[in-house]
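Residues per chain, in single letters:
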Amino acid sequence: DTFERVARRGEHFLSAPSITPVHLMKSAYENYKRIWLESGHPARELEIPALYFCHVGEDAASTRRDSERSLLWYFQTLARVIAESKDPTKVPEAYKFYARAKGNLEAVTYDFLHQEVVLLGDPQRVTDRLQQFREELGLTYALCWMNFGGLADEAVRGSMRRFAEKVMPRFK
């Protein structure tokens, strides 16, 4: 519904599919693109940007070791903030969407996020995922949220360095 309204008006958006699998985002983005073009907006101005949790580790084991606790803390905190309000009318406006997704937030696992949603892994895995998002979703911009949930400074800096040195050059 939101993607349709925004597309009709010729407005751009930024999505943050933090727990939404690729196949569901694909449907939303395809709908946005179709309505954008049907509404007469220029194809050259069509953008599909998204914000993703991103951690580029040295390998799968270090990625999980460095990011799992922080990533799950983030979702558990969102679920707790929502759960603290027994009255849905008292959920902060910015969290209304999450109130509808509370059960998913409470049940989300690292393995699900790794396989279906976020950019986690060694440089090759993150490169492959970005390429997948570009091809399957039509993604034109990826914003990477690299300092999430209290990650250690050293882990964040290492991830950023690996992203800059080993992932970004493949997309120039």
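This write-up is about the structure you can find in this document.

Calculation notes
- Residues numbered from 1 in each chain as written.
- Predicted model: local features only at pLDDT ≥ 70, side-chain atom pairs only at ≥ 80, totals over all residues.
- Heavy atoms only, no water.
- Patch = residues over 30% accessible without salt bridge, like charges linked within 9 Å, V, L, I, M, F, W, Y side chains within 5 Å.
- Areas by Shrake-Rupley, 256 points an atom, 1.4 Å probe, with all protein chains shown as cover.
- Salt bridge = Lys/Arg side-chain N within 4 Å of Asp/Glu carboxyl O.
- Helix = DSSP H or I, 4+ residues; strand = E, 2+ residues; numbered from the N terminus.
- Buried < 20%, exposed > 50% of the residue type's maximum accessible area, 1.4 Å probe, protein only.
- Polar contact = N/O pair within 3.5 Å; in protein donor to acceptor, adjacent residues only side chain to side chain.
- Contact = heavy atoms within 4.5 Å.
- Pairing = 2+ DSSP bridges.
- Axes fitted to C-alpha atoms, helices over the stretch in contact; angles between N-to-C directions.
- Parallel < 35°, antiparallel > 145°, perpendicular 65-115°, else oblique.
- Left-handed = near helix turned anticlockwise from the far one by under 90°.
- Nonpolar A, V, L, I, M, F, W, Y, C, P; charged D, E, K, R; others polar.
- Phe/Tyr/Trp six-rings, centres within 6.5 Å; stacked < 30°, edge-to-face > 60°.

1. Some thoughts on a nonpolar patch on the surface
Among the surface-exposed residues, Leu 14, Tyr 141 and Leu 143 lie close enough to one another that they form a single nonpolar patch of about 300 Å² accessible area. Tracing the sequence through the fold places Leu 143 in strand E3 (residues 141-145). According to the relative accessible area criterion, Leu 143 is partly exposed, its value standing at 37%.

2. Digging into the side chain of Thr 127
Relative to the helices and strands, Thr 127 resides in helix H7 (residues 123-137). With relative accessibility at 7%, the residue Thr 127 sits in the buried group. For Thr 127, the side chain forms a polar contact with the side chain of Arg 170, separated by 3.4 Å. Setting aside its immediate chain neighbours within four residues, Thr 127 contacts Lys 166, Val 167, Arg 170 and Phe 171.

3. So, the pairing of strand E1 (residues 49-56)
Note on strand geometry: in a regular strand, side chains alternate between the two faces of the sheet. Of all eight residues in E1, seven are buried, a share of seventy percent or more. Summarising the sheet, E1 and E3 pair through five bridges and their orientation is parallel. Opposite Leu 51, over in E3, you have Leu 143 as the bridge partner. Pairing of E1 with strand E2 (residues 119-121), which is carried by three bridges, proceeds in the parallel orientation. Paired with His 55 across the two strands is Leu 120, which belongs to E2.

4. Details of the environment of Cys 144
Within the secondary structure, Cys 144 sits in strand E3. According to the relative accessible area criterion, Cys 144 is partly exposed, its value standing at 26%. Separated by 90 residues in sequence, Cys 144 and Cys 54 place their C-alpha atoms 5.5 Å apart. Not counting residues within four places of it along the chain, the set of residues in contact with Cys 144 comprises Leu 51, Tyr 52, Cys 54, Leu 119 and Phe 163.

5. A look at the sheet that holds E3
Here we have three strands laid out as an open sheet, ordered E2-E1-E3, and parallel in their pairing. Since the sheet does not close on itself, it has two edges, and those belong to E2 and E3, each with one partner. Across this sheet, the average inter-strand angle for adjacent strands is 30°, counted without regard to direction. Along the sheet, helix H8 (residues 153-167) makes contact with E1 and E3, crossing E1 at roughly 115°.

6. What to know about the packing of helix H1 (residues 2-9) against helix H2 (residues 22-38)
Relative placement of two packed helices is described by the angle separating their axes and the distance separating the axes. With their axes 8 Å apart at the nearest point, H1 and H2 run at an angle of 25° to one another. Accordingly, the angle class assigned to the pair H1 and H2 is roughly parallel. Here the hand of the crossing between H1 and H2 comes out right-handed. Where H1 approaches H2, its residues Phe 3, Glu 4, Val 6, Ala 7 and Arg 8 are matched on the opposing element by Met 25, Ala 28, Tyr 29, Asn 31, Tyr 32, Ile 35 and Trp 36. In terms of residue class, the contact of H1 with H2 is built from nine nonpolar, one polar and two charged.

7. A closer look at the packing of aromatic side chains
Two numbers describe a pair of aromatic rings. These are the distance of the centres and the angle of the planes. In this structure the tally under the stated criterion is 13 aromatic pairs. Centre to centre, the rings of Phe 13 and Tyr 32 are 4.6 Å apart; their planes meet at 75°, and the pair counts as edge-to-face. In this pair, Phe 13 sits in the loop between H1 and H2 while Tyr 32 sits in helix H2, placing the two residues 19 residues apart along the sequence. Judged on exposure class, the residue Phe 13 and its partner Tyr 32 are both buried.

Scope: geometric values only; no functional claims are made or implied.
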